[in-house]
Amino acid sequence: QAAKSARTVVITGVPDGLLHDDVMTDILVIHFQMSKNNGGDVEEVLYPTMEKGVAYVTFEDQEVVESVLKKDEHRLEDKRLSRYYPLKVTRYCEHVSAFRIYLVVLPL
């Protein structure tokens, strides 16, 4: 099995404060398990996080990360939401490396 970071995507645009956090987590799990969203087996969803409207989704298989990223548009839709919300999906690895570079650039 690939490292957890390689099996994780960062989701931005999660509607904040509309529903209980556990309900929103369930909606995210459902969205990313659906084949129409190029999804697969979800191992874990981290929500809420330190950043508003951001969630981390970890899949069982790294291949699912690739297929989820290939989908042009992710729309979070659920009967508990009044409308759909566009989500942006990016690799977790990119965020980590960008953060490291940022630290190196800052003078100590």
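Read on for a plain summary of the structure. (Residues numbered from 1 in each chain as written. Predicted model: local features only at pLDDT ≥ 70, side-chain atom pairs only at ≥ 80, totals over all residues. Heavy atoms only, no water.)

Examining the sheet that holds strand β3 (residues 54-59)
Within the open sheet, the 5 strands sit side by side as β2-β3-β1-β5-β4. Their pairing is antiparallel. Of all strands in the sheet, those with a lone pairing partner are β2 (42-46) and β4 (74-76), marking the two edges. Across this sheet, the average inter-strand angle for adjacent strands is 30°, counted without regard to direction. Alignment of β4 against strand β5 (residues 85-91), held across 3 bridges, turns out to be antiparallel. For H74, the partnering residue across the bridge sits in β5 and is L87. (Pairing = 2+ DSSP bridges. Helix = DSSP H or I, 4+ residues; strand = E, 2+ residues; numbered from the N terminus. Axes fitted to C-alpha atoms, helices over the stretch in contact; angles between N-to-C directions.)

As for the environment of K79
Mapping K79 onto the fold places it in the loop between β4 and β5. Separated by 52 residues in sequence, K79 and I27 place their C-alpha atoms 9.8 Å apart.

Comments concerning the environment of I27
Examined against the element boundaries, I27 turns out to sit in helix α1 (residues 21-33). The exposure class of I27 is buried, given its relative accessible area of 2%. A sequence separation of 50 residues divides I27 from E77, and the C-alpha atoms of the two residues are 8.2 Å apart. Look past the residues within four positions of I27 in its chain and what remains in contact with it is L19, L76, D78, R80 and L81. (Buried < 20%, exposed > 50% of the residue type's maximum accessible area, 1.4 Å probe, protein only. Contact = heavy atoms within 4.5 Å.)

Some thoughts on the nonpolar core
I11, V14, L28, F32, V57, F59 and L76 are the most contacted members of the largest nonpolar core, which totals 21 residues. Taken together, the elements giving at least two residues each to this core come down to β1 (8-12), α1, β2, β3, α2 (62-70) and β5. The leading source of residues in this core is α1, at 4 residues. (Core = buried A, V, L, I, M, F, W, Y, C linked by side-chain atoms within 4.5 Å.)

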